[in-house]
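The residues making up each chain are set out below.
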Amino acid sequence: MFKNSPLTARPVAVMEIGSTGIRLLVAKITGAGGWKELDRAGKPVALGRDVFTSGMVSRASLLECLSILRNFKELLVGWDIAEHDVHLIATSALRAAHNRDIFVDRVFQETGYRLAIVEGVEENRLVYLAIRFALKNTTLRLPFFWSGSAMIIDIGGGSTEIMLLRHGKMVAAHSIRVGTIVLDQHSRKVSGILLSRERYLIENFHNTILFLQTEMPLDTVDAFVVTGSDTRIAASLIEQDETNNDWCHTIERERFLTFIKEVKDYSIEDCVQKLHITYGDAEGFVPGLLVYKYFLEQTKASQVVVPVVSIREGLLVDIAMGVDPDLREDFFSQIIASAMNLGRKYHFDEAHGRQVALLSRVIFDFFSKEHGINRHERILLEIAALLHDIGMFVKGSSHHKHGQYIIANSEIFGLRQEELDIIGNIIRYHREDSPSSDDVAYIALQREERVLVLKMTSILRVSDALDRGHAQQIKIKYIERKNENAIFHLQGDVDTSLERIGLEEKAGMFEDVFGYKIVLAPHPSGV
């Protein structure tokens, strides 16, 4: 979503328009891909109360936001930050606002800033990057996060981001359109008294817990990682000085639960007076802690880990790291892990999916000059290859259409809805049908995306044909171009009669798109 500038030492600014305020982070990017904080600021604004009550940003809140942004712009003048190094994002409140487009346009007209509204899956990605950075740089020993089962929860004013990891790999990632402001408003409407608030919150998240249990048993979770202003405030109030450092707090489970028990009946006014926090922070403080308590009680975690980071640090990490290969490959591996767990949820043929994905990668890499597709887009092909038969869970006939529906209505960590739509179209056409102007889902794609679908579908069809028997016996040693043929030299002396029939049925699109007829050439030596 965000394009990185060349990694030269320079100051950058990240501004976030959230549900309860606008926050600024200024940092210096180093040539080594690191960064150092220079300044930060924040101003409260009640966007969440507007949007989650009326569905609109009020005129008063819009004017207040514009005033804050103009003030921040004046502050940034002293840091001599280039225009392309000022990044302005907005999260759940503006995502839900009916007048979001007008808001974005007014911000540009008044300040010159181009505002990017971060969708839920992108927010998940940036939160993950921030937490990964904090845990990698903490002096605390937290091996259970990388070796065991972990839950990451980030509760904002308008949404809750949840990630499940096993052995450091993503099992699932979800963005739920329920946050502290929404919960507080609805619980007050339903109950009218504070004593019923906890019960209402638990009932609201009960189905979420049941759904998460199908993806990973929550009683196996031994690393409970939470981020958000509520837990950072709670950590400072509990005063776990002996275990704090620059990037993380740790709070013993029982101390965390005891603190929540002490404050669970506090009103907003009580939080301001007794805890000495701002009204903006107090507004969603207790509802947020009650949700964390409910999720923590489903796990066996002995402590709560609170990274001192937010989505702003996540975006900063993304900018600072640039094209860092280790970070990029780790992120891609998390996307694949999330896709694999989606496949397992629908009982896909994992061995066949892995084989087709492997063959697709080999073919993709060899024809990289012809197709002009980048490394990130290869991930979309790999996921489509892994999950191309996922629709078999519904019904064998028309499973390509069922697969497209499942993908369009699922979440895969790190992928936007637009990318899921591309994957769904590739799966839709991995059999004999060709895209047509009658297919609304295909026509809805941008022209470049439709071309991408054709290229990647043609590769997937060939890969699927090469494992037609689901036996995983075909291994490509290398590919050779010869005149108008693409000769696939195979390892070992294998019977390819079934695969040749498959290619006759499915290789036509590849020949049309790339201009090569595929020829199989076994190598008995196997070397």
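Residue numbering note: each chain is counted from 1, following its sequence as written. Only residues with pLDDT of at least 70 get local features here, since the model is predicted, and only at 80 or more are side-chain atom pairs given and counted; chain-wide, interface and lining totals rely on the full set of residues. The side-chain numbers reported here are obtained from all heavy atoms of the structure, hydrogens and water having been left aside.

Peer 1: Looking at this model, I keep getting lost on the packing of aromatic side chains. Mind explaining?
Peer 2: Pairing of aromatic rings covers Phe, Tyr and Trp, the last through its six-membered ring, and needs centres within 6.5 Å; plane angles under 30 degrees mean stacked, over 60 mean edge-to-face, and all others mean tilted. According to the stated counting rule, one finds 17 aromatic pairs in the structure shown. Ring centres of Trp-35 and Trp-247 lie 5.8 Å apart, and the angle between their planes is 75°; on these two criteria the pair is classed as edge-to-face. Here Trp-35 is found in strand β3 (residues 35–44), whereas its partner Trp-247 is found in the loop between α9 (229–238) and β10 (248–252), with 212 residues between them in sequence. Joined through ring pairs, the aromatic side chains of Phe-366, Phe-367, Phe-510, Phe-514 and Tyr-516 make up one cluster. In this structure, Lys-136 is placed above the aromatic ring of Trp-146, and the distance from its NZ or CZ to the ring centre is 4.5 Å. Two conditions define a charge located above a ring, namely a distance within 6 Å from the ring centre to NZ of Lys or CZ of Arg, and an angle within 35 degrees of the ring normal. Positioned above the aromatic ring of Tyr-266 is the side chain of Lys-274, whose terminal nitrogen or guanidinium carbon lies 4.8 Å from the ring centre. Helix and strand labels come from DSSP, where a helix needs a run of H or I of at least four residues and a strand needs a run of E of at least two; each type is numbered from the N terminus.

Peer 1: So what exactly am I meant to see when it comes to the nonpolar core here?
Peer 2: Residue types Ala, Val, Leu, Ile, Met, Phe, Trp, Tyr and Cys, when buried and joined through side-chain atoms within 4.5 Å, form a set referred to as a nonpolar core. Under the scheme applied here, a residue whose accessible area is under 20% of the maximum for its type counts as buried, over 50% as exposed, and between as partly exposed, the area being computed with a 1.4 Å probe on protein chains only. Core analysis: the largest hydrophobic core is formed by 98 residues, its most contacted members being Ile-383, Leu-387 and Phe-488. Any two residues whose heavy atoms approach within 4.5 Å at even a single point are treated as in contact. If we skip the residues at most four places from it in the chain, Ile-383 touches Ile-335, Ile-336, Ala-339, Ile-412, Leu-415 and Ile-423.

Peer 1: Teacher, can you tell me more about the pattern of salt bridges here?
Peer 2: Where side chains of opposite charge bring their charged atoms close, a pairing between them can arise. Salt bridge, as used here: a side-chain nitrogen of Lys or Arg that lies within 4 Å of a carboxyl oxygen of Asp or Glu. Inspection of every chain in the model, using the stated rule, returns 25 salt bridges. As a salt-bridge pair, Glu-419 and Arg-416 come within 3.6 Å of each other at their nearest N and O atoms. A network of salt bridges, in which partner residues are shared, links Glu-37, Arg-40 and Glu-313.

Peer 1: Sorry if this is basic, but what is going on with the confidence of the model for the protein here?
Peer 2: Low-pLDDT stretches of the model should not have their predicted coordinates read in fine detail. How sure the predictor is of each residue is captured by pLDDT, a score from 0 to 100. Looking at the protein as a whole, its pLDDT mean stands at 87, while 92% of the residues score no less than 70. In this model, residues 1–6 is a region of pLDDT below 50 whose contacts with residues beyond four sequence positions or in other chains number 19 contacts.

Peer 1: Please explain the environment of Val-77 as it appears in this structure.
Peer 2: With respect to the helices, strands and loops of the structure, Val-77 is situated in helix α2 (residues 59–77). Between the C-alpha atoms of Val-77 and Leu-164, which are 87 residues apart in sequence, the distance is 41 Å.

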